[in-house]
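Survey of secondary and tertiary structure
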Amino acid sequence: MPELPEVESVRRAIAPALEGRTLAAVRIDDVRLTRPEDPLLVAAELTGERVEHVDRRGKYLVVRFASGRALLIHLRMTGSLLREPSGQTHVRAVLSLDDGSEVGYRDVRRFGTWLLLEPGELEPYLGARLGEEPLVAAFTAKGLGQRLHGRRAPLKSALLDQRTLAGLGNIYVDEALWHAKLHPLRPAGSLDRNELRRLHNAIRKALELGIARQGSTLSDYRLPDGSSGSMQREFRAYGRTGEPCNRCGTTLEKIRVAGRGTWFCPHCQPEPFTPSSASRPVRRSAVPVNASRS
Ligand SMILES: [Zn+2]
């Protein structure tokens, strides 16, 4: 699923094609894309709108119109925007622009959504669903600590929650926790100041690297010109079961947290030691057996 770096990469690539252009004609072929709204009605409403900016908030693309309306696009699993949609398969919608070009929306699994919001509706809608943007200057280690304070949920679950921070998903949470040397099962509210600082830096580092590599292409994600991202070559944790940790050489492990596959280094990211885990006989020791490797 596209996360912040993938959606940001799409935004950067598609914004020049859309900004300043008027939607001369709009075709939406998939009832699932706009439901419960009728796709014909949404297409009619969009026609004639002039695009002012293409923004991103969390994993949403926000197409802002001069009228004050906004089209909120969520790519979900396999959605993508294309510069030249003709001849492509699984194209669910086409925006015909006033310069004669087209932007298409392609979605193999059809979980993506388009929501047209009236002036004034965007901020309340997003505000109810999303926490802070992790790449803005206002996002600080202290603010992160306030978001996590008192929470007993595993760190991984808390960071996947879009109301904690906007835009992180399974890939970049695992990458950030590896960089921060924090175990995914640490209780979210248990981090000290130094650990919060590490996590804050690590989240930014993982996301910025993801954007610099234009996202990660594991199966469906493509940029609007059809090219792939290359972040998958830079993964330190995600998907690397049985491979050596780049930092210490210990074999990476996979567990499930919040129902999601979760990769970590059992040496660099030590398991949280609690009285309850100490009393359980078959749990791994809080001191890794291969601690001498460093
Ligand atoms: Zn390691």
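In case you missed it, the structure is sitting above this.
On a predicted model such as this, the values are computed, not experimentally measured, just so you know. (Residues numbered from 1 in each chain as written. Predicted model: local features only at pLDDT ≥ 70, side-chain atom pairs only at ≥ 80, totals over all residues. Heavy atoms only, no water.)

What follows is about the sheet that holds strand β3 (residues 60-65). With antiparallel pairing, the four strands of this open sheet are ordered in space as β2-β3-β4-β8. A single partner strand is all that each edge strand has here, and the edge strands are β2 (51-57) and β8 (113-117). Averaged over all neighbouring strand pairs, the angle between strand axes comes to 20°, with direction disregarded. Looking at chain direction, strand β4 (residues 70-74) and β8 are connected through five bridges and run antiparallel. Along β8, the bridge assignment pairs Leu-72 with Leu-115. With respect to the sheet, helix α1 (residues 4-18) is in contact with β2 and β3, its orientation differing from that of β2 by roughly 175°. (Pairing = 2+ DSSP bridges. Helix = DSSP H or I, 4+ residues; strand = E, 2+ residues; numbered from the N terminus. Axes fitted to C-alpha atoms, helices over the stretch in contact; angles between N-to-C directions. Contact = heavy atoms within 4.5 Å.)

Turning our attention to the side chain of His-200. By secondary structure assignment, the location of His-200 is in helix α8 (residues 193-212). Under the relative-accessibility criterion, His-200 is labelled buried at 10%. Ignoring any residue separated from it by four or fewer positions in sequence, one finds His-200 in contact with Phe-139, Thr-140, Ala-141 and Leu-144. (Buried < 20%, exposed > 50% of the residue type's maximum accessible area, 1.4 Å probe, protein only.)

Now for the pairing of β3. Among the six residues in β3, five count as buried, and that is most of the element. As consecutive antiparallel partners, β2 and β3 are separated by two residues, and within that stretch Gly-58 has a phi angle of approximately 55°, a positive value. Summarising the sheet, β3 and β4 pair through five bridges and their orientation is antiparallel. Directly across from Val-62, in β4, lies its bridge partner Leu-72. Following β3, the chain reverses through four residues before pairing antiparallel with β4; Gly-68 in that reversal takes a positive phi of roughly 100°.

Our next topic: α1. With 15 residues, α1 extends 20 Å from end C-alpha to end C-alpha; this agrees with the ideal 21 Å at 1.5 Å per step. The element α1 is extensively covered by neighbouring structure, given that twelve of its 15 residues are classed as buried. Among all positions in α1, only Leu-4, Pro-5, Glu-6, Val-7, Glu-8, Ser-9, Val-10, Arg-11, Ile-14, Ala-15, Ala-17 and Leu-18 are buried. Immediately beyond the C-terminal end of α1, within one or two residues, lies Gly-20, with a positive phi of roughly 85°. (Expected span 1.5 Å × (residues − 1).)

With their axes 8 Å apart at the nearest point, α1 and α8 run at an angle of 40° to one another. The handedness of the crossing between α1 and α8 comes out as right-handed. Where α1 abuts α8, its residues Leu-4, Pro-5, Glu-8, Ser-9 and Arg-12 lie against Leu-207, Gly-210 and Ile-211. Residues of the contact of α1 with α8, tallied by class, amount to four nonpolar, two polar and two charged. (Left-handed = near helix turned anticlockwise from the far one by under 90°. Nonpolar A, V, L, I, M, F, W, Y, C, P; charged D, E, K, R; others polar.)

With that settled, the discussion passes to the packing of aromatic side chains. Here a ring pair, both rings aromatic, is described through the centre-centre distance and the interplanar angle of the planes. Taken as a whole and judged by the stated rule, the model has three aromatic pairs. Both rings, one in Phe-235 and one in Tyr-238, keep their centres 5.3 Å apart while their planes meet at 75°; by these two values the pair is edge-to-face. Cluster of aromatic residues (ring-pair linked, three or more members): Phe-235, Tyr-238 and Trp-263. The ring of Tyr-125 has Arg-129 lying over it, and the distance from NZ or CZ to the ring centre is 3.6 Å. (Phe/Tyr/Trp six-rings, centres within 6.5 Å; stacked < 30°, edge-to-face > 60°. Lys NZ or Arg CZ within 6 Å of the ring centre and 35° of its normal.)

With that out of the way, let us pick up the coordination of the zinc ion. Each protein donor to the zinc ion is listed here as Cys-245 (SG), Cys-248 (SG), Cys-265 (SG) and Cys-268 (SG); together their distances run 2.2 to 2.4 Å. Around the zinc ion, the four donor atoms are arranged such that angles at the metal cover 100 to 114°; this shape is classified as tetrahedral. For the zinc ion, the single-chain donor residues occur in sequence as C-x2-C-x16-C-x2-C. On the criterion of sequence distance, the pair formed by Cys-245 in the loop between α8 and β9 (253-257) and Cys-265 in the loop between β10 (260-264) and α9 (275-279) is long-range, its members being 20 residues apart. Here the two residues Cys-245 and Cys-265 agree in accessibility, since each one is buried. (Donors = N, O, S within 2.8 Å, 3.2 Å for Na, K, Ca; no water. Tetrahedral: all angles 85-135°; square planar, octahedral: opposite > 155°, others 65-115°.)

Residues Met-1, Met-77 and Phe-111 make up a contiguous nonpolar surface patch of roughly 280 Å² in combined accessible area. Along the polypeptide, Phe-111 turns up in the loop between β7 (102-107) and β8. Exposure remark for Phe-111: the relative accessible area of 40% places this residue in the partly exposed category. (Patch = residues over 30% accessible without salt bridge, like charges linked within 9 Å, V, L, I, M, F, W, Y side chains within 5 Å. Areas by Shrake-Rupley, 256 points an atom, 1.4 Å probe, with all protein chains shown as cover. Salt bridge = Lys/Arg side-chain N within 4 Å of Asp/Glu carboxyl O.)

Just geometry here; none of it tells us what the structure is for.
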